[in-house]
Protein chains: 2
Amino acid sequence: MSKEPNQSEPIEILRELGLKEYEARSFVALTRVPQGSAKEISEIAAVPRTRVYDAVDQLQSYGLVDVQHSTPQRFRAIPVEEAVALLRREFDDRFDSLRESLEAVEPVGDEALESGANVWTTGGEEAITSRATQFVDSAEEEIVLVLDGGDDTELTPERLLDQLRAATDRGVTVYVGALSEGTYEEVRARVPGVEVFESELEWLQPQTEKESERIGRLLLVDRGKVLLSSISSGSSNGETAIWSDSVGNGLTIIGRRLLAAGLDREAENLDNAERGAGSHGETEGENRDG
Amino acid sequence: MSKEPNQSEPIEILRELGLKEYEARSFVALTRVPQGSAKEISEIAAVPRTRVYDAVDQLQSYGLVDVQHSTPQRFRAIPVEEAVALLRREFDDRFDSLRESLEAVEPVGDEALESGANVWTTGGEEAITSRATQFVDSAEEEIVLVLDGGDDTELTPERLLDQLRAATDRGVTVYVGALSEGTYEEVRARVPGVEVFESELEWLQPQTEKESERIGRLLLVDRGKVLLSSISSGSSNGETAIWSDSVGNGLTIIGRRLLAAGLDREAENLDNAERGAGSHGETEGENRDG
DNA sequence: GCGTTTTGTGACGATCCGAGTCAACTACCG
DNA sequence: CGGTAGTTGACTCGGATCGTCACAAAACGC
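Residues numbered from 1 in each chain as written. Chains lettered and ligands numbered in written order. Predicted model: local features only at pLDDT ≥ 70, side-chain atom pairs only at ≥ 80, totals over all residues. Heavy atoms only, no water.

Q: What should I look at first to understand the protein's contact with DNA strand C in this one?
A: Neighbouring residues of DNA strand C: 16 residues in total, closest A:Lys20, A:Glu21, A:Tyr22, B:Tyr53 and B:Gln73. When atoms of DNA strand C within 4 Å of the protein are split into backbone and base, the sugar-phosphate part holds 57%. Taking A:Tyr22, its side chain carries an N or O atom lying 2.7 Å from a phosphate oxygen of DNA strand C. A distance of 2.4 Å separates a phosphate oxygen of DNA strand C from a polar atom in the side chain of B:Tyr53. For the surface near DNA strand C, the secondary-structure elements that each account for two or more residues are helix 2 (21–31) and helix 4 (49–62) of chain A together with helix 3 (38–45) and helix 4 (49–62) of chain B. A total of four residues in the surface near DNA strand C trace back to one element, the largest contributor, which is helix 4 of chain B. (Near = heavy atom within 4 Å. Polar contact = N/O pair within 3.5 Å; in protein donor to acceptor, adjacent residues only side chain to side chain. Helix = DSSP H or I, 4+ residues; strand = E, 2+ residues; numbered from the N terminus.)

Following this line, the structure appears as structure tokens:
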């Protein structure tokens, strides 16, 4: 990927950090040359000459470039190291302010929070991992985790594995169903006390080729909390998860049944437990392939 | 209901972090209540009800809120702590990527950099302090620093004072002209070996009341490097500095003469040194306004 | 069961900001 | 003195966002 230095990447990032197109382009151009005039910048950055001045003016007020008020003017970017450090500090301050101000105005609601009584959905790999970690943390007896590993995304980050091990250490039984060799080995190595089963859950993977979504992770904690994430390969957002921490809802029933195929080797009796519940048919019977 | 004026601050910050107006408002509203429906959010956040859905949808893809797909839908913000951490991580990644990509494409220029041969201007307190610190660091013999302290802005941050002391430790003579009592004392306490003079430089402060700019700091290093910053009280950007690290230009001459009033007590002879130079005028006399 | 209210989805116009172009003004050079 | 290059400001255009509305679907009350 080092074929053609994609100089559009830093521009993109700088835009995300709040710079305008011209500002970002001009700055990147300036980092590629010891110093430059408006004309040179215009040529390197593909920015209209007459707009370079505005852009650089802004950049200067940010402290990212130095300006020489000669004729013609000459511009110079501060070292990359310095620039990144500058921006980082700036945003760090914002994060601090954000937390303060958010915590300051938070109290408004008076109703007690009725935590976990239904099914929620969460987006974003980070947030989902966070939720999964919380679930694992709260486990008292049993954890069942099925992963569709062996791909690009990192569904088993350090902290999640750490929490899994912590769970085993405190006596929680951990079952892991791995759908790929890599995940299988990795989990086994990191979490010694785990019970790994190569489940018969291959059907979790795309059943119809056309579908652009596939299962990411499936987590069942203490037979009451369930998290199921899907990953859309489309251009839209990445991982989305539905989860619940309350027992007795449809999702839990489904989750149990999904896991039953792999679990009944380990604990056959539990299968019976919700077989009764399943027999009268959930309305949630989505995706029941023929 | 009750609109506290300060709840607009987190919204502002969130916008700076890339969220849209409605997204920011909705999120802040959600942090103020354990959970809420679209209607409630609409009322708290002053966002059109029908647009709450779009906003929350985005927030969910960011991982900042959880969505309950019931009827009516219910929304819930992740804890503030978590949200800030999430955003912080996200931006940290961007900074890393930025640095990598910037350093990857940097080499383009072929002309050797002719460092410091003229007058530059820099914007932003951070960047200016950075530049000043570099100057102090490079000092070998003498440092002259005049501060207009006694105000809101922090023109003498820790690191600058530290560098000043380091300079004295390595044998550099440091003169400090303090225009206010507070600055005077602070510098004296932090930098033991310093020569402090209460200069006759009061004229550095606004001479005409209408002017909205005043001198921030004036730094002269080794009789060759000069940094002069002004602070505009206006609505525009804050501190701006002009500086040069080359001897013999007009700014240096001016800077020396400016300091002469305070310095000739300490070293009267130097005043004569550039009196001759100033008389016949430099060719670099750019910006010779008036 | 039926009508009303609330909720969710989509579309539409208004508005704002940034991108891009142009022309005029100023400073430098021959 | 005229030509060239540099610099600034004003202008148009387009896309994104804001704000409103209309309508279908679902829930609720009688």
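Q: Please clarify how the protein's contact with DNA strand D should be interpreted in this entry.
A: As a structural note, the neighbourhood of DNA strand D is formed by 14 residues, with A:Tyr53, A:Gln73, B:Lys20, B:Glu21 and B:Tyr22 the closest of them. For DNA strand D, the fraction of atoms within 4 Å of the protein that belong to sugar or phosphate moieties is 67%. Here B:Glu21 contributes a backbone N or O atom positioned 2.8 Å from a phosphate oxygen of DNA strand D. Here a phosphate oxygen of DNA strand D sits 2.6 Å away from a polar atom, N or O, in the side chain of B:Tyr22. Counting only elements with at least two residues in the surface near DNA strand D, the list comes to helix 4 of chain A together with helix 2 (21–31) and helix 4 of chain B.

Q: Help me understand the side chain of B:Arg131, please; the structure alone is not making it clear to me.
A: Tracing the backbone through its elements, the reader meets B:Arg131 in helix 6 (residues 125–138). Not counting chain neighbours up to four residues away, the residues in contact with B:Arg131 comprise A:Asp66, A:Arg76, A:Ile78, B:Leu227 and B:Trp243. (Contact = heavy atoms within 4.5 Å.)

Q: What should I look at first to understand the relation of the copies chain A and chain B in this one?
A: Comparison of the two chain copies shows a relationship of rotation about an axis with a shift along it. Rotating chain A by 180 degrees about the axis while translating it 0.0 Å along that axis superimposes it on chain B, leaving an RMSD of 0.1 Å. Taken together, the rotation and translation relating the two chain copies correspond to the operation of a two-fold axis. Looking at the interface residues of chain A, 97% of them are also at the interface in chain B, so both copies use one shared face. (Least-squares fit on C-alpha atoms with pLDDT ≥ 70 in both.)

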